[in-house]
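# Remarks on the overall topology
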Amino acid sequence: MPHFAPPGPLGFGGAPLGNMFDVVDEATAEAALVAAWDSGVRYFDTAPHYGSGLSEHRFGTVLRRYPREQFVLSTKVGRLLRPDASYPENPPFKESLPFRVELDYSYDGVMRSIEDSYQRLGLAQIDIAFVHDLAADHLGDAWEEQFEIARTGAFRALAELRDQGVIKGWGLGVNRTEPCVRAIEQADPDVFLLAGRYSLLNQPALDRLFPLCAERGVHVVVGGPYNSGLLAGGRNFEYQEAPADMIEKRDRIAAICERHGADIRSAALQFCAAHPVVAAIIPGAKRPDKVRENARLMAATVPAAVWEELREEALIPADAPVPTASN
């Protein structure tokens, strides 16, 4: 049975609409989602963690307007939301909803999480469920213990839901490759949402994970194609101040793009989408103008000479697939 993949190349990631780093008002959040739809986006990803339910609420409010069979929706499991009138902080999200976030990768916790997401979204169908942040960057040394809980709990629950036709696919939504490799070796995932591990600046996923995905027919959604903004003109890399070597590398790539009349942001998006295992990319956007800009950048021409020079200068790996002229 072939593994399910979301439509691409461009999807819409929901973390910014959970007030990640900055507060987004309701009108702007709605306009951003409408702009994504009007730009041809048909894949939308959210999570309970984003604003303690806020992102899911906002997604459902807009997506309920459109025919359900015309888009693919993913959300995440691994955190349950408990009512808490004290409005506990949930960094990096601002002004979250009044819920306390509790980690839970168990079978029962995942089944509860899916039911809760239906209610927040106001939708009766979730296409893909990602096990969220099951990795060392969020869990520290406990990640392997939690992985084992998820293997016998979350993975089993999601595989059952997939086999019953309740969802179409499942996988991990993480910022590290190691748990994805382990999941392929120990379970039967369909698709991963991998943030920051495959970009124009760094490609650790190219070594082991992507070949494994190709071998098993597993798809990948690439999150963070701008590496937290560094490739889009910002100063952050992986959610913090960018190190000097990455800024220097970004500047060298930008100079090559500029010399050939290309936008580094177009190169960043199109590079991620060019790998055969990548089904979609989800750059973050809070405002409708940025959503429309991402669609334009995705469609803009990047001359073949850009890719040739990036390879010659060893700024991208020689074996990394690059867009062809038809892209």
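Bear in mind the structure is a predicted one, so any value in this text is a computation, not a measurement.

### Focus: the environment of H138
Mapped onto the elements, H138 comes out in helix α4 (residues 136-139). Note on H138: relative accessible area 41%, which makes it partly exposed. Sequence separation between H138 and R287 is 149 residues, and the spatial gap between their C-alpha atoms is 28 Å. Non-local contacts of H138, meaning those with residues more than four positions away in its chain, are made with R79, D133 and N175.

### Looking at the environment of E215
Within the fold, E215 resides in helix α8 (residues 209-216). The exposed category is assigned to E215, whose relative accessible area is 65%. E215 sits 83 residues away from H132 along the chain, and the two C-alpha atoms are 24 Å apart.

### So, the packing of aromatic side chains
For the structure on display, the rule yields 14 aromatic pairs. Ring geometry for W37 against F71: centres 6.0 Å apart, planes inclined by 80°, an arrangement best described as edge-to-face. Placement of W37 in helix α1 (residues 26-38) and of F71 in the loop between α2 (54-63) and β3 (72-77) is noted, with a sequence separation of 34 residues between them. Since its relative accessible area comes to 8%, W37 is described here as buried. By relative accessible area, which is 4% here, F71 ends up buried. Above the ring of W37, the side-chain terminus of R42 is found at 3.6 Å from the ring centroid.

### A few points about the side chain of K76
Within the element layout of this structure, K76 appears in strand β3. A polar contact is formed between the side chain of K76 and the side chain of D45, at a distance of 2.6 Å. One polar contact links the side chain of K76 to the main-chain carbonyl oxygen of T46, over a distance of 2.9 Å.

### Things to note about α8
Where α8 is concerned, the buried positions are L209, F210, L212 and C213. Around the axis of α8, the buried residues are gathered within 160° of arc, so they sit on the same side. In α8, the exposed positions angled more than 90 degrees off the buried face are occupied by A214 and E215. For α8, the secondary structure elements touched by its buried residues are α7 (178-186), β8 (191-195), β9 (219-223) and β12 (278-282). Looking one or two residues past α8, G217 carries a phi angle of roughly 70°, positive in sign.

Criteria and thresholds
- Residues numbered from 1 in each chain as written.
- Predicted model: local features only at pLDDT ≥ 70, side-chain atom pairs only at ≥ 80, totals over all residues.
- Heavy atoms only, no water.
- Helix = DSSP H or I, 4+ residues; strand = E, 2+ residues; numbered from the N terminus.
- Buried < 20%, exposed > 50% of the residue type's maximum accessible area, 1.4 Å probe, protein only.
- Contact = heavy atoms within 4.5 Å.
- Phe/Tyr/Trp six-rings, centres within 6.5 Å; stacked < 30°, edge-to-face > 60°.
- Lys NZ or Arg CZ within 6 Å of the ring centre and 35° of its normal.
- Polar contact = N/O pair within 3.5 Å; in protein donor to acceptor, adjacent residues only side chain to side chain.
- Arc of directions from axis to C-beta.

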